[in-house]
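# Structural characterization, general
One-letter residues, chain by chain:
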Amino acid sequence: MPIGTITRGTTNTNRLRRVDRFMQTLPVVRSSVDPLVVDLGYGASAVTSLELQSRLRKVRPDVEVLGLEIDKDRVRTATEQLDAVRRGETSFASDAAVSFARGGFEVPVRDGRRPAAIRAFNVLRQYDESAVADAWRLMVSRLQPGGVLVEGTCDEIGRISSWATVTADGPQSLTMSLRLKKLERPSIVAERLPKALIHRNVAGERIADLMTELDRQWQYSAPLAAYGPVQRWLATVDGLITAGWPVLGTGARWRLGELTVAWDSVAPS
Ligand SMILES: C[S@@+](CC[C@H](N)C(=O)[O-])C[C@H]1O[C@@H](n2cnc3c(N)ncnc32)[C@H](O)[C@@H]1O
């Protein structure tokens, strides 16, 4: 039996665009000799797996995406949707290198292949916090050397999103990605943190310190709003760096409303 529990299958077209864009930058996706990416728990429709493949193929034309679902009815639905793709009845390429199968955290892949990356989005949020460590360990154990697990959460339409990256060496980073237009306070992301952190936004935890400092810097940078929300966000990120937060990545990512910090700086105590 696949490892895990069937949960709500809510998904949405374009919901995962922010994490798709992040995954385009993963070195292992770009350079692996076997560019297989698993979309674990794709939900009630095939759409996010198809979108992931169409975005990743822009940077890695031979990428393959395998959608895994623990619910066999959802595998049947996705397979029927894929048939429509093959017949050219959708906006996706009819030869899109996408397939679907049943599976859980054990990440079953045929022919002894191991994925370069596993994306598990809005899957663990419906589990208990205590389930996270084992699920991470199991998924990571299925990766090829250098592989990355991207595990996170977002809102219904993908304007607020965050994810952790985890490798064989443990959790590496926390990324948040926000639609900056009309953003009132960046700590809104606290509602959509990965399961490992969402219950830790309380006094004494580093993730709570980060939420406070983010809002403080966003407020402090308010005068820059006259030049647009991106300039205000860039100043917010600069402020975090000055305050000593180990911000990763480059301005090209920050301009997208993204912010990545080293995991150790926010790890639960
Ligand atoms: C809320 S949907 C997420 C759909 C999509 N990833 C998204 O973010 O829009 C969660 C899905 O994960 C599936 N799921 C839960 N645990 C799983 C597991 N251990 N392995 C595979 N799929 C799982 C559920 O059956 C459900 O369809």
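Position numbers for residues start from 1 in each chain and track the written sequence from start to end. pLDDT decides what is reported in this predicted model: residues at 70 or higher carry local features, side-chain atom pairs at 80 or more are listed and counted, and totals for whole chains, interfaces and linings draw on all residues regardless. With hydrogens and water set aside, each side-chain value is computed from the structure's full complement of heavy atoms.

## Structural notes on the pairing of strand 9 (residues 258-262)
Stated formally: Only protein chains enter the area calculation, which uses a 1.4 Å probe; residues under 20% of their type maximum are buried, those over 50% are exposed, and those in between are partly exposed. By definition, any uninterrupted DSSP run of H or I lasting at least four residues is a helix, any uninterrupted run of E lasting at least two residues is a strand, and each is numbered from the N terminus. Here the rule is simple: two strands pair whenever DSSP picks up at least two bridges between them.
Burial within strand 9 is extensive, with five of its five residues counted as buried. Summarising the sheet, strand 7 (residues 170-178) and strand 9 pair through five bridges and their orientation is antiparallel. Across the sheet, Ser177 pairs through a bridge with Glu258, a residue of strand 9. The pairing of strand 8 (residues 247-248) with strand 9 spans two bridges and is antiparallel. Bridge assignment links Val247 to a residue of strand 9, and that residue is Val261.

## Focus: the site of the ligand
As a reminder of what qualifies: Near residues are defined by distance, with any heavy atom within 4 Å of the molecule or strand qualifying the residue. Polar contact is the term for a pair of N or O atoms within 3.5 Å; when the atoms are in protein, one must be able to donate a hydrogen and the other to accept it, and sequence-neighboring residues count only if both atoms are side-chain atoms. The classification used treats Ala, Val, Leu, Ile, Met, Phe, Trp, Tyr, Cys and Pro as nonpolar, Asp, Glu, Lys and Arg as charged, and all other residues, Gly among them, as polar.
In the region of the ligand, 25 residues are neighbours, and Thr11, Glu69, Arg74, Asn122 and Tyr127 sit closest. The contact in question runs from an oxygen atom of the ligand to an N or O atom on the side chain of Arg15, over 2.8 Å. Residue Arg74 places a side-chain N or O atom 2.7 Å away from an oxygen atom belonging to the ligand. Across the shell around the ligand, the residue classes tally to nine nonpolar, twelve polar and four charged.

## Quick word on the domain arrangement of the protein
Heads up, the rule is: Start and end positions for the domains come from either an automated domain assignment or a database one. Should any heavy atoms of two residues lie within 4.5 Å, those residues are considered in contact. Accessible-area loss on putting two parts together, using a 1.4 Å probe and summing over both, is the definition of buried area adopted here.
Domain annotation of the protein identifies domain 1 (17-168) and domain 2 (186-263). Taking the mean C-alpha position of each, domain 1 and domain 2 sit 26 Å from one another. Across the contact, 21 residues belong to domain 1 and 14 residues belong to domain 2. Both sides of the domain 1 and domain 2 interface together cover about 1,500 Å² of buried area, and 58% of this is carbon and sulfur.

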